[in-house]
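A look at the structure
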Amino acid sequence: MRTDTAGPQFDPARFVHTPFGWYALTREPSDLGPFPTKSQASNALVDHIRLHKGLNRRNPEDRYSGFTVHDPENCAKNNCGRCAEALAFAGFQAIA
Ligand SMILES: [Zn+2]
C-alpha cells in the first residue's frame, strides 16, 4: 500500500533525481524542474499533461524507454532533466 502520494502513478522513468532537485521529463522542449521533492515534480507533471492534452498528436510508440544515452552538447531542450543528470554525473566523475 502506497502512502506517499495520492496522485496518479507515472512511469518512474519520467522522474530524474539530480543534486539540483527532481525533474519531470516531458515530450516538450522543456522539462519541468528542478523541484525540491518528487511529489512537487509529480504535481507539475499533472498540470503539464492537463495543459498539453490534445495539443500534441504523437505516435503511441513515441515513449520514453528507460535509460537513454544523453548528450547535453547536442540536446535541443532548454531545460532538460537528463542534461542535469548527465552534468551532475560528469561532475562527480571529475571529483573522483
Ligand atoms: Zn537534454
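Just above sits the structure.
Residues numbered from 1 in each chain as written. Predicted model: local features only at pLDDT ≥ 70, side-chain atom pairs only at ≥ 80, totals over all residues. Heavy atoms only, no water.

Topic: the pattern of salt bridges
Rule in force here: Only one rule defines a salt bridge in this text: a Lys or Arg side-chain nitrogen within 4 Å of an Asp or Glu carboxyl oxygen. Comment: elements are numbered from the N terminus, with helices defined as DSSP H or I runs of at least four residues and strands as E runs of at least two. Three labels apply to residues, based on accessible area from a 1.4 Å probe with only protein chains included: buried if under 20% of the type maximum, exposed if over 50%, partly exposed otherwise in between.
Scanning the model with the defined rule gives two salt bridges in all. In this structure, the salt-bridge partner of D31 is K77, at a minimum N-O distance of 2.3 Å. Taken together, the residues D31 in the loop between β2 (21-24) and β3 (32-35) and K77 in the loop between α1 (38-52) and α2 (81-95) connect sequence positions 46 residues apart. What makes D31 buried here is its relative accessible area of 2%. Taking the relative accessible area as the measure of exposure, K77 reaches 22% and is therefore partly exposed.

Structural notes on the sheet that holds strand β1 (residues 15-18)
Quick note on the threshold: Any two strands are treated as partners once DSSP identifies two or more bridges connecting them. For helices, the fitted line uses only the C-alpha atoms of the stretch in contact; every axis is such a line through C-alpha atoms, and the angle between N-to-C directions lies from 0 to 180 degrees. Residue contacts follow a heavy-atom distance rule, with two residues in contact if any of their heavy atoms lie within 4.5 Å.
Taken together, the three strands give an open sheet; going across it, the order is β1-β2-β3, and neighbouring strands pair in antiparallel fashion. Every other strand in the sheet has two partners, leaving β1 and β3 as the edge strands with one partner each. Within this sheet the neighbouring strands show an average axis-to-axis angle of 20 degrees, counted without direction. Of the pairings in the sheet, the one linking β2 to β3 comprises two bridges and is antiparallel in character. Within β3, the position partnered with A24 by the bridge is L32. Strands β1, β2 and β3 of the sheet are contacted by α1, whose axis makes an angle of about 160 degrees with β3.

Points about the nonpolar core
What counts is decided by this rule: For our purposes a nonpolar core is just a set of buried Ala, Val, Leu, Ile, Met, Phe, Trp, Tyr and Cys residues, chained together by side-chain atoms within 4.5 Å.
Grouped together as the largest cluster of nonpolar side chains are seven residues: F15, W22, A24, L32, A41, A44 and L45. Contributing elements (two or more residues each) for this core: β2 and α1. A total of three residues in this core trace back to one element, the largest contributor, which is α1.

Side note on α1
Rules: One less than the residue count of a helix, multiplied by 1.5 Å, gives the span that helix is expected to have. What the arc covers is the set of directions going from the helix axis to the C-beta atoms.
An ideal rise of 1.5 Å per residue puts 21 Å on 15 residues; α1 measures up with 21 Å between its terminal C-alpha atoms. Along α1, the positions that sit buried rather than exposed are A41, S42, A44, L45 and H48. The buried side chains of α1 occupy one side of the element, clustering within an arc of 160 degrees when seen end-on. In this fold, the buried residues of α1 make contact with β1, β2 and β3.

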